[in-house]
Amino acid sequence: MTIKETLSWASEQLQFSCERPLFEAELLLAYHLHKERVYLHVHEHDEVDNIDSFKSLIARRASHEPYEYIVGKVSFYDIKLFVKQGVLIPRPETELLIDEVSSVIEKEDITSIAEIGVGSGAISIVLARKFPSLKIIATDISLDAIAIAKDNIEAFGLSDRITLVHTNLLDGIEEQIELVVSNPPYIASNALLKSNVKDYEPHTALFGGEIGDELLKQIITQAKQKGASYLACEMGYDQKASMEHFLTQSGVQYIKFYDDLAGLNRGFITKF
Ligand SMILES: C[S@@+](CC[C@H](N)C(=O)[O-])C[C@H]1O[C@@H](n2cnc3c(N)ncnc32)[C@H](O)[C@@H]1O
């Protein structure tokens, strides 16, 4: 099959699983051929080598497996991270949490932070690269996530500044921490999710409890107990009222909520 025929076949295979089947077919064919997408348009009459292996990539995507797991990579902020099944694929909205945290780190000259739920390492790695004096303790309850974060942290040469700890929240962490950051699981356990999320991404990274905000509340309580001055968290678009109530009851000096690019409530920064 030529590149042109292959793309036409592949986009038909992807029509029920992808919003942009031709675009995703092009991305996967470019990945298969180790070329840029533009190459496909210039060489549309060339034959595709090893077509069976390309067909198996298309079969995976047609079964709703996320593109990022198939190619093992995701772009996030200013970096590319290695990802595979077992770890959450970092989302663009989490870049906003990084910007919110960065302004506090900069303003308050913060040098010691903790991240709860490090996942692939996305937040900790970007922050460590932005702030060369920053030391980070990054925890996760998932050993799969810790292993993938370790690979990413090593790839960026940050193992001396990001310490990974396999634990629940901040249990056992005794070091003095000025700020805690977290993009925790915050989805309600009965929420309806698309197949690419619910059938492929780890449920420990998605579901925060029956209502969804249970883990967020535990994080607020623990960050305060551990003596952190600041806490910054991503949250669900419908969790502002419950977070505001819980934070106010916990006794905080201020709360700033921020929105995502769709204008939905997406997170908060608070000072204890
Ligand atoms: C939504 S993912 C965020 C991953 C990454 N920080 C990101 O933004 O892409 C939440 C992470 O929290 C971890 N997690 C869930 N419950 C936890 C707990 N009780 N203690 C520590 N980590 C937890 C999950 O394993 C997952 O890696």
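Preceding this paragraph is the structure being described.
Small disclaimer: the values here were computed from a predicted structure and weren't measured.

K.L.:
Describe the site of the ligand, with residues and values.
P.N.:
The environment of the ligand is formed by 20 residues, the closest being Gly 117, Asp 140, Asn 168, Leu 169 and Asn 183. In the model, an oxygen atom of the ligand is placed 2.6 Å from a nitrogen or oxygen of the Asp 140 side chain. Within the backbone of Ile 141, an N or O atom sits 3.2 Å from a nitrogen atom of the ligand. Here the ligand loses 96% of its free accessible area of 600 Å² to cover by the protein chains.

K.L.:
Please provide a residue-by-residue account of the packing of aromatic side chains, values included.
P.N.:
The relation between two aromatic rings is expressed through the spacing of the ring centres and the mutual angle of the planes. Per the counting criterion, the structure on display carries one aromatic pair. Ring plane angle 65° and centroid distance 6.1 Å describe the contact between Phe 257 and Phe 268, whose orientation is recorded as edge-to-face. Separated by eleven residues along the polypeptide, Phe 257 in strand β10 (residues 254–259) and Phe 268 in strand β11 (residues 265–271) bring together distant segments of the chain. For Phe 257, a relative accessible area of 17% puts it in the buried group. Judged by its relative accessible area of 0%, Phe 268 falls in the buried class. The ring of Trp 9 has Lys 55 lying over it, and the distance from NZ or CZ to the ring centre is 5.2 Å.

K.L.:
Quick one: what's the story with the pattern of salt bridges, residue by residue and with numbers?
P.N.:
Inspection of every chain in the model, using the stated rule, returns 13 salt bridges. Here Asp 260 and Arg 266 are joined by a salt bridge, their closest N and O atoms 3.1 Å apart. You'll find Asp 260 and Arg 266 in the same group, each marked buried.

K.L.:
Describe the sheet that holds β11, and please don't skip the residues or the numbers.
P.N.:
The seven strands lie next to each other as β5-β4-β3-β6-β9-β11-β10, forming an open sheet whose pairing is mixed. Because the sheet does not close on itself, it has two edges, and the strands there are β5 (162–166) and β10. Here the average twist between neighbouring strands, direction ignored, is 15°. Sheet topology note: the strand β6 (residues 179–182)/strand β9 (residues 230–234) ladder contains four bridges and is parallel. Residue pairing for β9: Leu 179 is matched across the bridge by Tyr 230. Of the strands in this sheet, β3 (112–116), β4 (135–140), β5 and β6 are in contact with helix α7 (residues 122–130), which crosses β4 at around 175°. Relative to the sheet, helix α8 (residues 143–155) contacts β4 and β5, its axis offset from that of β5 by approximately 165°.

Analysis parameters
Residues numbered from 1 in each chain as written. Predicted model: local features only at pLDDT ≥ 70, side-chain atom pairs only at ≥ 80, totals over all residues. Heavy atoms only, no water. Near = heavy atom within 4 Å. Polar contact = N/O pair within 3.5 Å; in protein donor to acceptor, adjacent residues only side chain to side chain. Areas by Shrake-Rupley, 256 points an atom, 1.4 Å probe, with all protein chains shown as cover. Phe/Tyr/Trp six-rings, centres within 6.5 Å; stacked < 30°, edge-to-face > 60°. Helix = DSSP H or I, 4+ residues; strand = E, 2+ residues; numbered from the N terminus. Buried < 20%, exposed > 50% of the residue type's maximum accessible area, 1.4 Å probe, protein only. Lys NZ or Arg CZ within 6 Å of the ring centre and 35° of its normal. Salt bridge = Lys/Arg side-chain N within 4 Å of Asp/Glu carboxyl O. Pairing = 2+ DSSP bridges. Axes fitted to C-alpha atoms, helices over the stretch in contact; angles between N-to-C directions. Contact = heavy atoms within 4.5 Å.

Purely geometric stuff here, so don't read any function into it on its own.
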